[in-house]
Amino acid sequence: MKKIILTGDRPTGKLHVGHYVGSLAERVRLQDSGEFDEIYIMIADAQALTDNADNPEKVRQNIINVALDYLAVGIDPNKANIFIQSMIPQLPELTCYYMNLVTVARVQRNPTVKAEIQQKNFEQSVPVGFFCYPISQASDITAFQATHVPVGEDQKPMLEQCNEIVRKFNATYGEVLVEPEIVLSSNKACLRLPGTDGKAKMSKSIGNCIYLADDAKTLKTKIMSMYTDPNHIRIEDPGQVEGNSVFTYLDAFSTPEHFAEFLPEYQCLDELKEHYTRGGLGDVKIKKFLNKVMEAKFGPIRERRREWEQRIPEVYDILKAGTAVAEKKAAETLNKVKDAMKINYFSGDDRLA
Ligand code: TRP
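Student: Quick question: what am I supposed to make of the pairing of strand 2 (residues 38–43) here?
Tutor: Side-chain positions along a regular strand alternate between the two faces of the sheet. With respect to burial, strand 2 is a largely interior element, six of its six residues being buried. Residues of strand 2 alternate between two faces, with Glu 38, Tyr 40 and Met 42 on one and Ile 39, Ile 41 and Ile 43 on the opposite face, all of them buried. Two elements, strand 1 (residues 4–9) and strand 2, share six bridges in a ladder whose sense is parallel. By the bridge assignment for strand 2, Thr 7 is matched with Ile 41. Pairing of strand 2 with strand 3 (residues 81–84), which is carried by four bridges, proceeds in the parallel orientation. Within strand 3, the position partnered with Ile 43 by the bridge is Ile 84.

Student: Can you walk me through the packing of aromatic side chains in this structure?
Tutor: Geometrically, a pair of aromatic rings is defined through the distance of the ring centres and the angle of the planes. Applying the stated rule across the entire model yields eleven aromatic pairs. Among the aromatic residues, those joined into a ring-pair cluster are Tyr 20, Tyr 249, Phe 253 and Phe 298. Above the plane of the ring of Tyr 211 lies Lys 14, whose end atom (NZ or CZ) is 5.9 Å from the centre.

Student: Whenever I open this one, helix 1 (residues 17–33) confuses me. Can you help?
Tutor: Since the α-helix turns once every 3.6 residues, residues separated by three or four places project in the same direction. In a regular helix each residue adds 1.5 Å, so 17 residues correspond to 24 Å; helix 1 covers 22 Å between its end C-alpha atoms and thus fits that length. Burial runs high along helix 1: twelve of the 17 residues are buried. Buried residues of helix 1: Val 17, Gly 18, Tyr 20, Val 21, Gly 22, Ser 23, Leu 24, Glu 26, Arg 27, Val 28, Leu 30 and Gln 31, and no others. Directly after helix 1, the chain includes Gly 34, whose backbone phi takes a positive value near 75°.

Student: So what exactly am I meant to see when it comes to the packing of helix 12 (residues 245–253) against helix 14 (residues 269–278) here?
Tutor: Axes are the key here: two packed helices are described by the angle between their axes and the distance separating the axes. The interhelical angle for the contact between helix 12 and helix 14, taken along N-to-C directions, is 170°, at an axis separation of 11 Å. By the angle between their directions, the pair helix 12 and helix 14 is classed as roughly antiparallel. Every residue of helix 14 that contacts helix 12 at Phe 247, Leu 250 and Asp 251 is listed here: Leu 269, Leu 272, Lys 273 and Tyr 276. Considering only residue class, the contact of helix 12 with helix 14 consists of five nonpolar, no polar and two charged.

Student: Would you take a moment to explain the domain arrangement of the protein for this structure?
Tutor: Note: interface size is frequently given as the accessible area lost on complex formation between the parts. Domain boundaries assigned for the protein yield domain 1 (4–192 + 311–350) and domain 2 (214–307). Taken over C-alpha atoms, the centre of domain 1 sits 34 Å from the centre of domain 2. Roughly 1,100 Å² of surface becomes buried between domain 1 and domain 2 when both sides are summed, with 61% attributable to carbon and sulfur atoms. When the area that domain 1 buries against domain 2 is broken down by residue, the three leading residues are Val 17, Tyr 20 and Ala 72, summing to 44%. Linking domain 1 to domain 2 there are one salt bridge. One salt bridge in this structure joins Arg 305 and Asp 69, with 2.6 Å as the shortest N-O distance. Where domain 1 touches domain 2, the interface holds five residue pairs in polar contact (both at pLDDT 80 or more). Of all the elements in the fold, those that place two or more residues in the side of domain 1 that touches domain 2 are helix 1, helix 3 (56–73) and helix 10 (188–191). Residue contributions to the side of domain 1 that touches domain 2 peak at six residues, all from helix 3. Of the residues contributing to the side of domain 1 that touches domain 2, the split by class is nine nonpolar, three polar and three charged.

Definitions and limits used
- Residues numbered from 1 in each chain as written.
- Predicted model: local features only at pLDDT ≥ 70, side-chain atom pairs only at ≥ 80, totals over all residues.
- Heavy atoms only, no water.
- Buried < 20%, exposed > 50% of the residue type's maximum accessible area, 1.4 Å probe, protein only.
- Helix = DSSP H or I, 4+ residues; strand = E, 2+ residues; numbered from the N terminus.
- Pairing = 2+ DSSP bridges.
- Phe/Tyr/Trp six-rings, centres within 6.5 Å; stacked < 30°, edge-to-face > 60°.
- Lys NZ or Arg CZ within 6 Å of the ring centre and 35° of its normal.
- Expected span 1.5 Å × (residues − 1).
- Axes fitted to C-alpha atoms, helices over the stretch in contact; angles between N-to-C directions.
- Parallel < 35°, antiparallel > 145°, perpendicular 65-115°, else oblique.
- Contact = heavy atoms within 4.5 Å.
- Nonpolar A, V, L, I, M, F, W, Y, C, P; charged D, E, K, R; others polar.
- Domains from an automatic or database assignment.
- Buried area = accessible area lost by both parts, 1.4 Å probe.
- Salt bridge = Lys/Arg side-chain N within 4 Å of Asp/Glu carboxyl O.
- Polar contact = N/O pair within 3.5 Å; in protein donor to acceptor, adjacent residues only side chain to side chain.

So this is what it looks like as structure tokens:
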């Protein structure tokens, strides 16, 4: 069986360093492993519209932002097809058929949908389109016969729901769809990077994100004002590393080579943590180190983003080419689906007359 990757992001803003460690880095690693036959990276504008129906302009603007972020982190258009979801009409058609295989109660139990309904204060006013997005996400994945879906941990319930749809479809109509597996980052600190304020998640609306596009000065300012341990007031005080954002970020980003280069008094992160816990290590020192570590990682990504920003027509051509390949694949799958359901009424065995 072919090994195929499908993944994507909603274009509601620029991507941040949480996206990077949670999934983008893994996507680039898989892409460069040479183990995959086909790779599709989707800009999920139709899904973004399910809770931004009043602001299509925001979604439109962010399509290019997300594409620039993809190219900046190293998604290679020669290896991966980057495409725009709403330009693939087969996806909503698949969703139509899948909707009949899922109960309302099942979607209501989806933990991600539940949490989002609360966050967005939808309660009694959930848009139907939003409610159905886990089903449309199953279309996104199955249309490309994806075997691997590298995403953030928050997407787990979406993959479970997708696999249920695949099983139900195959049991009802015959073996056509492929069950995908989720690919998560193996570094625990990377699974859910906290915001710079110590809150559980980076969120644009809270304003606690570090963006891939942030310039060096902004990056530094954000790091220097990061949440640490509120009880660590004087340098001599013992400090706490759990729940301390600077240390969580160091867990996610620092390597022994960074210590050798930027902080040779310590061999590794455990030693630094030990000193902080004991007392005698100030926040400014650990923040300056984190800034060097993150600048080393994100400086080159930022530079590549600036270069691509000068080549927008080329970015547009990349999206157009990727979308054409994606549509062809989705059309093949839709055709198989309709054959299995015997609703290809004007052709082959399904002919009415
Ligand atoms: N739900 C994903 C997000 O919020 C975006 C997405 C849409 C997606 N369809 C997908 C991710 C299919 C993986 C596979 O970021």
